Amino acid sequence: TVTISPPSTNIAAGGSVRYRVSYTDANFQSSTLAAGQVTLNKTGTANGMVAVSGSGATRTVTISAITGDGSLGISIAAGSATDKAGNTAPTAGPSATFIVDNTAPTVTISAPSTTITASSAVSYTVSYADANFQSSTLSAANVTLNRTGTANGTMNVSGNGTTRTVIITGITGDGTLGISIAAGTASDRVNNLALAAGPSRTFAVGNTPPTVSISAPSTNGNTITYTVSYDGANGTTVTLSANDITLNKT
């Protein structure tokens, strides 16, 4: 009989993974197990190289140079061992598989919670995706505040699991703000590290009020007209009514 052990690990990136192949027979004679008699069972893009070592009734199948993503396992062809009466071993497997993961966690930065602000806090949601996600160490020190003009703010990070919230507070100045995330802020179970992310979408910061200009008067009979113009970099809503106007008289 032929028995294949579980793999030496249940998840791998590079490195090597081993299976123990054991032959059981009261009259065991010998094994001729070689790499050519081992089938590598692959899913996805996972792949590797097979080697066989050992002696007697036990052999070690080592899978090395592991690449790709998916899963790997092995099967053993018939005839890889004999007993003293010339009975040959049957096929064995498929074995238990192990996960192959060579892809780092992906990082996604949401749109800002608002597109324009003066001093109110603005937040971004940072999401990590990986089937074998382990943890994130994202902190304010890993976040770059992308600034234009005189806009500025202070960053804080909260959350757990695969989601973090970057909050920008103490916003001042005029311009735009956005964020970028440094590489290495999350890892999966085989220590693939997340890549850098960003720059994110930006939001406008406006702390300067619109300017107001009044034209020279124009005359049309008994009607005098003034043109009032508002200039604001971040868009202006005009609510001017007669009640807002003082008539200066002499």
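Structure: see above.
Residues numbered from 1 in each chain as written. Predicted model: local features only at pLDDT ≥ 70, side-chain atom pairs only at ≥ 80, totals over all residues. Heavy atoms only, no water.

J.: Run through unusual backbone geometry, naming residues and quoting values.
T.: For the bond running from Gly93 to Pro94, omega is 5 degrees, close enough to zero to count as cis. Relative to the helices and strands, Pro94 resides in the loop between strand E9 (81–83) and strand E10 (98–100). Of note, the amide linkage connecting Gly198 to Pro199 takes the cis form, showing an omega dihedral of 5 degrees. Here Pro199 shows up in the loop between strand E19 (186–188) and strand E20 (203–205). Positive phi outside glycine occurs at Ala65, with the angle close to 50 degrees. At Asn191, a position not held by glycine, the phi torsion is positive, near 70 degrees. (Helix = DSSP H or I, 4+ residues; strand = E, 2+ residues; numbered from the N terminus.)

J.: Provide a residue-level description of the layout of surface pockets, including the pertinent values.
T.: Taken as a whole, the largest pocket encloses approximately 310 Å³ of empty space. Secondary-structure elements contributing two or more residues to the lining of the largest pocket are strand E21 (211–214) and strand E24 (228–231). Residue composition of the lining of the largest pocket, by class: 8 nonpolar, 2 polar and 1 charged. (1 Å grid on protein atoms, 1.4 Å probe; cavity = no way out; pocket = protein on both sides within 12 Å on 5 of 7 lines; lining within 4 Å. Points joined across faces, edges and corners; volume = space filled by probe spheres on them. Nonpolar A, V, L, I, M, F, W, Y, C, P; charged D, E, K, R; others polar.)

J.: I'd like a rundown of the sheet that holds strand E18 (residues 175–181), residues and numbers included.
T.: Here 4 strands make up an open sheet; going across it, the order is E12-E20-E18-E15 and the pairing mixed. In this open sheet, the two strands that pair with only one neighbour each are strand E12 (116–117) and strand E15 (143–149). In this structure, E15 lies alongside E18, joined through 7 bridges in antiparallel fashion. Among the inter-strand pairings, Leu145 is bridged to a residue of E18, identified as Ile179. (Pairing = 2+ DSSP bridges.)

J.: Which residues make up the environment of Ser30, and what values do they have?
T.: In this fold, Ser30 is placed in strand E4 (residues 28–31). We classify Ser30 as partly exposed; its relative accessible area is 30%. A sequence separation of 31 residues divides Ser30 from Val61, and the C-alpha atoms of the two residues are 17 Å apart. With near-sequence residues (within four places) excluded, Ser30 lies in contact with Ala81 and Thr82. (Buried < 20%, exposed > 50% of the residue type's maximum accessible area, 1.4 Å probe, protein only. Contact = heavy atoms within 4.5 Å.)

J.: So what's going on with a nonpolar patch on the surface? Residues and values would help.
T.: Taken together, the side chains of Val212, Ile214, Ile224, Tyr226, Val228, Tyr230, Val238, Leu240 and Ile245 present a nonpolar region at the surface, about 840 Å² in accessible area. For the nonpolar patch, the secondary-structure elements that each account for two or more residues are E21 and E24. Classification of Ile224 as partly exposed rests on a relative accessible area of 46%. (Patch = residues over 30% accessible without salt bridge, like charges linked within 9 Å, V, L, I, M, F, W, Y side chains within 5 Å. Areas by Shrake-Rupley, 256 points an atom, 1.4 Å probe, with all protein chains shown as cover. Salt bridge = Lys/Arg side-chain N within 4 Å of Asp/Glu carboxyl O.)

J.: An account of the packing of aromatic side chains is needed here, citing residue identities and associated values.
T.: Within the structure shown, the criterion is met by 4 aromatic pairs. Plain terms: the ring middles of Tyr19 and Phe98 are 6.4 Å apart, the flat faces sit at 45 degrees to each other, and that makes the pair tilted. Of the two residues, Tyr19 sits in strand E3 (residues 17–23) while Phe98 sits in strand E10, which places them 79 residues apart along the sequence. In this structure, Tyr19 and Phe98 share a single accessibility class: buried. (Phe/Tyr/Trp six-rings, centres within 6.5 Å; stacked < 30°, edge-to-face > 60°.)

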